[in-house]
Amino acid sequence: MNNTYYLSANTSNGYISFFDSSIESLRKIIVLKNASKLAREKLFSEIICILDSKNISYDKIIRCGTADETDAIIIEQYSTVISDENLFAKEIPLYADIINFAEHIRYDFEVQNEIATVKNKIEILTKRMYWHLNQAKIIHDEWEKIYISNMDFDKLDLECSNLIENIFAGVTKKESTYKNSNRFLGSLLPRGNINYIEDLTCDFRKRIYIKGRPGTGKSSFLKKIICKAEEYNYDTETYYCSFDPGSLDMVIIRDLEVSV
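Criteria and thresholds
Residues numbered from 1 in each chain as written. Predicted model: local features only at pLDDT ≥ 70, side-chain atom pairs only at ≥ 80, totals over all residues. Heavy atoms only, no water. Helix = DSSP H or I, 4+ residues; strand = E, 2+ residues; numbered from the N terminus. Polar contact = N/O pair within 3.5 Å; in protein donor to acceptor, adjacent residues only side chain to side chain. Pairing = 2+ DSSP bridges. Expected span 1.5 Å × (residues − 1). Buried < 20%, exposed > 50% of the residue type's maximum accessible area, 1.4 Å probe, protein only. Contact = heavy atoms within 4.5 Å. Salt bridge = Lys/Arg side-chain N within 4 Å of Asp/Glu carboxyl O. pLDDT = per-residue confidence, 0-100. Core = buried A, V, L, I, M, F, W, Y, C linked by side-chain atoms within 4.5 Å. Phe/Tyr/Trp six-rings, centres within 6.5 Å; stacked < 30°, edge-to-face > 60°. Arc of directions from axis to C-beta.

Glancing now at the side chain of Lys137. Topologically, Lys137 is positioned in helix α3 (residues 109-148). There is a polar contact of 2.8 Å between the side chain of Lys137 and the side chain of Asp141.

See below:
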């Protein structure tokens, strides 16, 4: 099965990536350095065609700030990842194989200056974007306080207990080691938020949606479901909010074919 999702986001706390922790168990890391959008998409498109033709499962990681640009392909079967350099939150591992596209391109002085000017503009606009996101988060937190002060959390705990009982009815504990994967639910774009919920959960037997205002306990609700899954040793995928990275937006228990 192939999955499409985000591992990085432009958030109210700045750029955050879960990529490093997602690939730490992989043996082979191939990094694309100084790759243009055209070169990156052409390469990833050809790799996906080969994987599809051989019926090999993979995870396609989408570049944050876009709806469909591929940033990495993870092939668990071969313990391999091919990734653009920008996904790493920390330094690129020393044992990674680096393909440097700059070695195959010759720029004249005028083009180099033009590229530097564009990069500077992008940096200025990015800083401005993070400032606005941070201001929006401050307003959001004030809004949240109103709902928190009027919540009946005892009633919420009861609803959560009933849902957990429903999800894990008849489920027996697995003899395996529990694993959680952190991801982002979507990406903030000029036209709004984009996510891959339908692609990730289309074949599930149970898709549960919880609705509530900011501060009404949705993240706490999801954290309790994760704790129960860990107790039963069922792996989870935790999807965080791309606006507020401290907030949970979705949990998937793939072996139970359940999403909340």
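Relative to strand β11 (residues 192-195), strand β10 (residues 186-189) is paired through four bridges, and the arrangement is antiparallel. When the sheet's bridge partners are listed, Leu188 is paired in β11 with Asn193. Following β10, the chain reverses through two residues before pairing antiparallel with β11.

In this model, α3 (40 residues) spans 58 Å end to end at C-alpha, consistent with the 58 Å of a helix rising 1.5 Å per residue. Listed in full, the buried residues belonging to α3 are Leu133, Lys137 and His140. If you follow the buried residues of α3, they end up packed against β2 (8-11) and β10.

This paragraph deals with the pattern of salt bridges. Tallied over the full model, the rule gives 18 salt bridges. In this structure, Arg63 and Asp84 form a salt bridge, with 3.0 Å as the shortest nitrogen-oxygen distance. With Arg63 in the loop between β5 (59-62) and β6 (70-75) and Asp84 in strand β7 (residues 80-84), the pair connects residues that are 21 residues apart, well separated along the chain. We classify Asp84 as buried; its relative accessible area is 4%. When the shortest N-O distance is used, the salt bridge between Arg254 and Glu237 registers 2.7 Å. Of the two residues, Arg254 sits in the loop between β14 (248-253) and β15 (258-259) while Glu237 sits in strand β13 (residues 236-240), which places them 17 residues apart along the sequence.

This part covers unusual backbone geometry. Here Asn34, not a glycine, exhibits a phi torsion of approximately 55°, which is positive. Inspection of the secondary structure puts Asn34 in the loop between β4 (28-33) and α2 (37-53). For Asn34, a relative accessible area of 37% corresponds to the partly exposed category. Unlike most non-glycine residues, Asn233 shows phi in positive territory, near 65°.

Turning our attention to the confidence of the model for the chain. Within the chain, residue pLDDT values average 91, and 99% of them lie at 70 or more. Averaged pLDDT values over the elements of the chain bottom out at 87 in β11 and peak at 97 in β13.

Ranked by size, the top nonpolar core spans 53 residues in total, and within it Ile167, Phe168, Ile225 and Ile253 carry the most contacts. Sequence-distant contacts of Ile167, that is, excluding residues within four places in its chain, are made with Arg205, Ile208, Ile225, Ile253, Leu256, Val258 and Val260. Among the nonpolar cores identified, the runner-up in size contains 13 residues, and Ala35, Ile47, Ile48 and Ile75 belong to it.

Another point: the packing of aromatic side chains. Per the stated rule, a full pass over the model turns up six aromatic pairs. Considering the side-chain rings of Tyr6 and Tyr196, the 5.9 Å spacing of their centres and the 50° angle between planes classify their relative orientation as tilted. Separated by 190 residues along the polypeptide, Tyr6 in strand β1 (residues 3-6) and Tyr196 in the loop between β11 and α5 (197-201) bring together distant segments of the chain. An aromatic cluster of three or more residues is present, and its members are Phe18, Phe184 and Tyr240.

Here we come to α2. Since the α-helix advances by 3.6 residues per turn, residues separated by three or four positions end up pointing in the same direction. In this model, α2 (17 residues) spans 24 Å end to end at C-alpha, consistent with the 24 Å of a helix rising 1.5 Å per residue. Among all positions in α2, only Arg40, Phe44, Ile47, Ile48 and Leu51 are buried. All buried residues of α2 lie within an arc of 100° about the axis, which places them on one face of the element. Relative to its buried face, α2 has exposed residues pointing more than 90 degrees away, namely Leu38, Lys42 and Ser53. Looking one or two residues beyond α2, the residue adopting positive phi is Asn55, at roughly 55°.

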